[in-house]
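Residue-level structural notes
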Amino acid sequence: MAERQRARLVELTLQDGNQDCADCGDKNPDWASCTIGVFLCQTCAGIHRGLGSSNSRIKSIHLDNWDKDQVQVMEMIGNIKAKDKYEMCVPPYYKRPTSQTVDVLKKEWIMAKYQRLEFTDTDRQDAYNVSQKSGLLWKLGRDRKQFAQRRFVLSRTENKLYYYVNEENGKKNVIFYFQQKQPKAEADLDFLNAVFVPEKIGNPFGLQITYFKNGSTRNLFVYSENSKEIVDWFMCIRAAKWERRRIAFPDRDLTQLAEDLTKDFLMEGWLSKMGPKNEPFRRRWFTLDRRKLMYFEEPLNAFAKGEVFIGHKDGGYSVSTGSEEGDRGSNSQNTSSYCFTLNTPDRKFVLRAETQDDMHKWVMAMQKVVEMPLTTQDSKLAGLLVPKKSSNSFRLIKR
């Protein structure tokens, strides 16, 4: 009898909608919630267990025993019907997780869907779909390298994200605080990105906020002690950017307007960079953020040592393996095989990965960038990031 029930479950996983995890889209789910009626991957099944068995009882499709009533629940509901119920009002700007998404976004997506029922009614999204948001986040100091609480304020009206150092008026009205206090820093949302980087920050709820100001990119590393709070901030940033686009382009498709509101880094990691004047290779932390290639002495530096805009291939940008410059400063006969070169109209940047696999990943990521068409936003960034010598020429900013 038990084998018959499991066989029926396997048949159900082959039906349309059930072949992927209901929450992250991972292929061939091996788990299921016999109370909600959805098929899940192992990671999302683990998060469902946190909801409690009364809300979501998790069972293995292949290993656990299923009774007839539980299988009937799976037959009657399944992933498609569950999606129609629990994802009825997902805002276009809300970042749905994939199998590659960090755990904190998966967790809050699942909690929002099944526990808080945020997407069954648009009135349940006030935590992030607001004209102004204020709250405390732990922020890494630029010089002291310690985290301290700072008040952050996001204003749709001003199209800005602010943070404040002094907290003596923290209990006062938010609007009064916002008007009276001078912010420590402000960021234009049009040139702001937010990326979850838990391993880099050393906190499961770690968020990196990058913004452009005075000719260079500034990094803010923040976290909250509450997963919902940090995800609400992330979604609030996306909602504000999306709303601004919706007003500016009323005829555009709403889903299309949500593209690239925030963007995960294409690549991050240690590379060695050849100096420009017969200098040896120096190890640096590199970040490829859309069309910006930045390098830092350490991963948690507030400012980059240098930034390079990567344009389109028609403008003289390309990536090639190897180096015409040799292998200065290397004590190994084999490391030269991990060299690759970013060619720009003004300069060749010779870089060296630490493994062959890393080299291939970096080359593929950069090749993808140079083949992407330039957008209006890219052109604006290029004009701000570096002084142009000609229409297709950009310079490195070096600190």
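Of the protein, the UniProt comment under Subcellular location (unreviewed entry) reads exactly: "Cytoplasm".

Side-chain pairing between opposite charges can occur once the charged atoms of the two side chains come close. Taken as a whole, this structure holds 20 salt bridges when the rule is applied. For Lys27, the salt bridge identified is with Asp20, shortest N-O distance 3.4 Å. Given the relative accessible area of 55%, Lys27 is considered exposed. A salt bridge links Lys160 to Glu186, with the shortest nitrogen-to-oxygen separation between them at 3.6 Å. Of the two residues, Lys160 sits in strand β6 (residues 160-164) while Glu186 sits in strand β7 (residues 185-188), which places them 26 residues apart along the sequence. With relative accessibility at 29%, the residue Glu186 sits in the partly exposed group. One network of salt bridges, with partners in common, ties together Asp23, Glu87, Arg96 and Lys113.

In the structure shown here, the tally under the stated rule is two cavities of 30 Å³ or more. The space that makes up the largest cavity amounts to roughly 40 Å³. Lining the largest cavity, in full, are Lys139, Leu140, Gly141, Arg142, Lys145, Arg218, Asn219, Leu220, Phe221, Leu300 and Ala302. Contributing elements (two or more residues each) for the lining of the largest cavity: β4 (132-140) and β10 (216-223). With four residues, β10 is the largest single contributor of residues to the lining of the largest cavity. Its residues assigned to classes, the lining of the largest cavity comprises five nonpolar, two polar and four charged. Its boundaries defined by the atoms lining it, the second largest cavity holds a volume of some 30 Å³. Forming the walls of the second largest cavity are Leu161, Tyr162, Tyr163, Ala185, Glu186, Ala187, Tyr211 and Leu220. Secondary-structure elements contributing two or more residues to the lining of the second largest cavity are β6 and β7. By residue class, the composition of the lining of the second largest cavity is seven nonpolar, no polar and one charged.

Counting across every chain of the model gives 15 aromatic pairs. Clustering of aromatic rings is evident, with ring pairs tying together Tyr93, Tyr94, Trp109, Phe119, Tyr128 and Trp242. In this arrangement the basic side chain of Arg49 is found over the ring face of Trp31, its NZ or CZ atom lying 4.9 Å from the centre. The ring of Phe281 carries Arg352 above its face, with NZ or CZ at 4.2 Å from the centroid.

To locate leftover empty space, one rolls a probe as large as a water molecule over the atoms. What the largest pocket holds in volume is close to 1,200 Å³. Forming the walls of the largest pocket are 33 residues, and the residues nearest its centre are Arg245, Asp260, Arg290, Thr375 and Gln377. A total of five residues in the lining of the largest pocket trace back to one element, the largest contributor, which is helix α11 (residues 376-385). Taken together, the residues that form the lining of the largest pocket break down as twelve nonpolar, six polar and 15 charged. The space that makes up the second largest pocket amounts to roughly 650 Å³. For the lining of the second largest pocket, the elements supplying multiple residues, two or more each, are β8 (192-196) and α7 (198-201). Here the lining of the second largest pocket gets three residues from one element, more than from any other, and that element is α7. A class-by-class count of the residues in the lining of the second largest pocket yields ten nonpolar, three polar and six charged.

A separate point is the environment of Cys34. The residue Cys34 is located in the loop between β1 (31-33) and β2 (38-40) in this model. C-alpha of Cys34 to C-alpha of Gln72: the two residues are 38 residues apart in sequence and 9.1 Å apart in space. Not counting residues up to four positions away in its chain, the partners in contact with Cys34 are Arg57, Lys59, Trp66, Gln70, Val73 and Met74.

If you want to describe how two helices pack, look at the angle between their axes and the distance between the axes. Where helix α2 (residues 42-49) meets helix α5 (residues 103-115), the closest approach of the two axes is 10 Å, and the angle between their N-to-C directions is 55 degrees. With respect to their mutual orientation, α2 and α5 come out oblique. At the point where α2 passes α5, the crossing takes the right-handed sense. Where α2 abuts α5, its residues Thr43, Cys44, Ile47 and His48 lie against Asp103, Lys106, Lys107, Ile110 and Tyr114. Broken down by class, the residue content of the contact of α2 with α5 amounts to four nonpolar, two polar and three charged.

Calculation rules
Along each chain, numbering runs from 1 in the same order as the chain's sequence is written. It should be noted that, the model being predicted, local features are given only for residues of pLDDT at least 70 and side-chain atom pairs only at 80 or more, the latter also being counted only at that level, while totals for whole chains, interfaces and linings use all residues. Heavy atoms throughout the structure, all of them, feed into the side-chain values; hydrogens and water do not. UniProt positions are given in the numbering used here, feature names are shortened, and annotations may be inferred rather than shown by experiment. Any Lys or Arg side-chain nitrogen found within 4 Å of a carboxyl oxygen on Asp or Glu counts as a salt bridge. Note on exposure labels: buried denotes an accessible area under 20% of the residue type's maximum, exposed denotes more than 50%, and partly exposed covers the range between, all computed with a 1.4 Å probe on protein chains only. For the purposes of this entry, the term helix denotes a DSSP run of H or I that reaches at least four residues, the term strand denotes a run of E that reaches at least two, and both are numbered from the N terminus. Buriedness of a pocket was judged along seven lines, with at least five required to meet protein on both sides within 12 Å; pockets are open sets of points on a 1 Å grid over the protein atoms alone, cavities are sets where a 1.4 Å probe fits but cannot get out, and lining residues have an atom within 4 Å of a point. Grid points are joined across faces, edges and corners, and a volume is the space filled by probe spheres set on the points. In this count, Pro and Cys sit with the nonpolar residues alongside Ala, Val, Leu, Ile, Met, Phe, Trp and Tyr, while Asp, Glu, Lys and Arg are called charged and the others, Gly among them, polar. Stacked, edge-to-face and tilted labels apply to pairs of Phe, Tyr and Trp rings (six-membered ring for Trp) whose centres lie within 6.5 Å, assigned for plane angles under 30 degrees, over 60, and everything in between, in that order. Placement of a positive charge over a ring is assigned whenever Lys NZ or Arg CZ falls within 6 Å of the ring centre and within 35 degrees of the normal to the ring plane. By definition in these notes, contact holds between two residues if any of their heavy atoms fall within 4.5 Å. Helix axes are fitted only over the stretch in contact, all axes being lines through C-alpha atoms; the angle between N-to-C directions runs from 0 to 180 degrees. Just so you know how the angles are binned, under 35 degrees is roughly parallel, over 145 roughly antiparallel, 65 to 115 roughly perpendicular, and the rest oblique. Left-handed describes a crossing whose near helix is turned anticlockwise from the far helix by less than a right angle; the clockwise case is right-handed.

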